[in-house]
Amino acid sequence: MNVQPTSQTIAQSLHLQAFAPGPLGTVGNQRFQPEQGGTARASRRAVPTGLRSAWVRLKFRFNRASAEVREQHDNMIQWLDNSRRIGNMLGLLTARRKDARAQARVIRELEQLAALAQGDLANLPGATQALLFYVGELTRVDLLALRDGVLGHRTARAIVLDQVSRNLNAQAAGVLNQISSAVSQRLAQGIMQEPLHQLCAMMLDAPVVLAKDLAKLLITLGPEKEMLRIYLRSLPQADLPNLSLVFKLPTMASTREVIGRIDNELEKEQALKALAGIQQSVEHEIHTRLQPLMNTLNEALLQAGLAKDQFAASRQLLNLASLVEETQLTYGCLPGESALAVRRLIFKSLPIFQDDPKYRYRMVNAASLSKLDDATLQNLREAAWHLSRYGLVLDVANETSWRLFEM
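Residue positions are given per chain, counting from 1 as you read along its sequence in written order. Only residues with pLDDT of at least 70 get local features here, since the model is predicted, and only at 80 or more are side-chain atom pairs given and counted; chain-wide, interface and lining totals rely on the full set of residues. With hydrogens and water set aside, each side-chain value is computed from the structure's full complement of heavy atoms.

Observations concerning the overall build of the protein chain
Within the protein chain, the secondary structure is distributed over 17 helices and 5 strands. Each of the 407 residues in the protein chain was classed as buried or not, and the buried ones make up 43%. Whether two residues are in contact is decided by their heavy atoms: any pair within 4.5 Å suffices. If you take every contact in the protein chain between residues at least 6 apart in sequence, the share linking residues at least 24 apart comes to 71%. Secondary structure counts use DSSP, requiring at least four H or I residues in a row for a helix and at least two E residues in a row for a strand, with both numbered from the N terminus. With a 1.4 Å probe rolled over the protein chains alone, any residue whose accessible area is under 20% of its type maximum counts as buried; one over 50% counts as exposed, and the rest are partly exposed.

Some details on the confidence of the model for the protein chain
For the protein chain, per-residue confidence averages 81 on the pLDDT scale, and residues scoring 70 or more make up 76% of the total. The spread of mean pLDDT over the elements of the protein chain runs between helix α1 (residues 7-19), the lowest at 41, and helix α13 (residues 265-306), the highest at 95. pLDDT is a residue-level measure of predictor confidence that goes from 0 to 100. Low confidence marks residues 1-45, where pLDDT is under 50. Its contacts with residues over four positions away, or in another chain, come to 77 contacts.

Let's talk about the environment of Gln78
Tracing the sequence through the fold places Gln78 in helix α3 (residues 67-93). For Gln78, a relative accessible area of 40% corresponds to the partly exposed category. Each C-alpha atom, one on Gln78 and one on Leu124, is 8.2 Å from the other, the two residues being 46 residues apart in sequence.

Observations concerning the nonpolar core
In terms of nonpolar packing, the biggest core is built from 103 residues, with Ile179, Leu199 and Phe247 touching the most fellow members. Examining the composition of this core, we find that 16 residues originate from one element, helix α8 (residues 169-204), more than from any other. Not counting residues within four places of it along the chain, the set of residues in contact with Leu199 comprises Leu214, Leu217, Leu218, Leu221, Phe247 and Ile278. The definition of a nonpolar core used throughout is a set of buried Ala, Val, Leu, Ile, Met, Phe, Trp, Tyr and Cys residues joined through side-chain atoms within 4.5 Å.

What about the packing of helix α12 (residues 251-259) against α13?
If you want to describe how two helices pack, look at the angle between their axes and the distance between the axes. Two elements in contact, α12 and α13, have axes whose closest approach is 10 Å; the angle formed by their N-to-C orientations is 160°. Of the possible angle classes, the one that applies to α12 and α13 is roughly antiparallel. In this structure, the crossing between α12 and α13 has a hand that is right-handed. Across the interface between the two elements, Met252, Thr255, Arg256 and Ile259 from α12 touch Lys268, Ala271, Leu272, Leu275 and Gln279 from α13. Its residues assigned to classes, the contact of α12 with α13 comprises 5 nonpolar, 2 polar and 2 charged. Helix axes are fitted to C-alpha atoms over the stretch in contact, other axes to C-alpha atoms as well, and angles between N-to-C directions run from 0 to 180 degrees. Reported orientations rely on four angle classes, namely roughly parallel under 35 degrees, roughly antiparallel over 145, roughly perpendicular from 65 to 115, and oblique for the rest. The handedness criterion is simple: a crossing whose near helix is rotated anticlockwise from the far helix by less than a right angle is left-handed, and one whose near helix is rotated clockwise is right-handed. Each residue gets one of three labels, nonpolar for Ala, Val, Leu, Ile, Met, Phe, Trp, Tyr, Cys and Pro, charged for Asp, Glu, Lys and Arg, and polar for the others, Gly among them.

As for helix α9 (residues 211-221)
Listed as buried for α9 are Ala211, Leu214, Ala215, Leu217, Leu218 and Leu221. All buried residues of α9 fall inside an arc of 165° around its axis, so they share one side. Residues of α9 that are exposed and point more than 90 degrees away from the buried face comprise Lys212, Lys216 and Thr220. In this structure, the buried residues of α9 make contact with α8, α12 and α13. Arc definition: directions from the helix axis to the C-beta atoms.

Considerations on the side chain of Arg85
Tracing the backbone shows Arg85 in helix α3. Sequence-distant contacts of Arg85, defined by excluding residues within four places in its chain, comprise Gln112, Leu113 and Leu116.

Structural notes on unusual backbone geometry
Of note, the bond from Leu249 into Pro250 is cis; its omega dihedral lies within 30 degrees of zero at 5°. Position of Pro250 among the secondary structure elements: in the loop between α11 (240-246) and α12. Here Gln118, not a glycine, exhibits a phi torsion of approximately 55°, which is positive. Its place among the elements puts Gln118 in the loop between α4 (100-117) and α5 (127-137). The backbone of Lys308 shows a phi angle near 55°, a positive value even though the residue is not glycine. Note that Lys308 resides in the loop between α13 and α14 (310-331).

Remarks on the environment of Lys216
Following the sequence through the fold, Lys216 ends up in helix α9. Separated by 54 residues in the primary sequence, Lys216 and Gln270 place their C-alpha atoms 9.6 Å from one another.

The following block contains the structure:
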C-alpha cells in the first residue's frame, strides 16, 4: 500500500527551505566580510522575493494544499520577508558614516521598515527573532562596525533621522533603538562574559591567586563600565544572585588582600578602583531590578496616606520589611541606593501615624501610638524590627516613640 505524503509534510518541507540558516557571516542578502572597520557590504545576487513566492504558491496549488496549510504558508512568507528586511537593514548599517550613497539606502530601507513595524519590530512576525538570530551570528568586527555607524554615532544617526519622512521619524527612531539595543547586548556579552567569569573564579580562589594576574584582569575590565552595565542588564534573573554573592565578604576581603601584595602602587590603586567599580555596577543592577517593587510600595503608601488608612500603611511597611529581608537573602546585601530608597519610604510613612504636628517629620510620639489599634501596632513592631538597620526604631518595651534616625 502506497502512503501519500500529507500536505503538512509539504508545509514542513517548505518551512525548512525558507528558514534554514545560511552560512555564518551572512545576514539576509548581505554578506558580512571580516575587514577592519565599518565597510559597506556587497549584496549577493538572488532570485527576487516576489518571483520566489509566486513559485512556491504554484507548488502549493499543484499539491492541493489545504486552507490551513495555505495559511501556514502565508505566515511563513511573512516571516521570510521580515527576516530579509532585518538582514538588509543590518547589512546597510555597517556602511561607513560618510558614505552618502549608503546612507540614502539606509534611509529608504528604514522608512519601509518603520512604516511596517510602526516603531516596534514586535509588530512584524519573525522580525524580533530574526534580529536576535542574525546579531548572534555576527563576529565582533561586524558588531563594532554596526556600533560605530549610524547606530552608535550620534551625528550620523541624527543625519539619517533628519532625512526620514517627518511622519515616520519617531517610528524610525524606535526601530533603530531596538536594533542598537540588540547589537549592544551582543557586543557586551562578547566583551564581558568570559572575563567576568574568569574574575569571579579568581576571586573565589583569592588566597592562592597570583596578585599580578588578578590585577591585570581587573585593570583590563576597569574601562569597560558601560559594557559591563549593558551585560548585567541582559543577565538572566537566576544568574544575578550568584554573581552578587561573589562581591560580598569574605570574598571581597580576600581579593583586596591579594591586591595588597602588589608592589606597584599605581597598579594597586587601579586594580582596587576597578574592583570597587564592578561591585558598584552589580549592586546598581540589583537596585534597578528592585525599583519597580519600590515604586509599587511608594504608590501604595501614598494612597494609604491620602485615605488616612493607618492599617493599610502599616501593611505596606511590613511588605517593605519583607522585601528588604528577601533581597538580603537572595543577593547577600541591600544595595546602598536601595537602602536610601527604603529610608525615604519610611520617612514618607511617618505622618500617616502622627497626630501631633510638633513631631510630624521625625517621630511618632506616645500619644499617637496609643491611638493605633492592636493590629496596626503589631505590624509596626514587626516592620521596625526588620527595618531597624535603616533608621526605623520602635521602642517596643514601653512604646514611647517610633522614629527615624537623622538622614
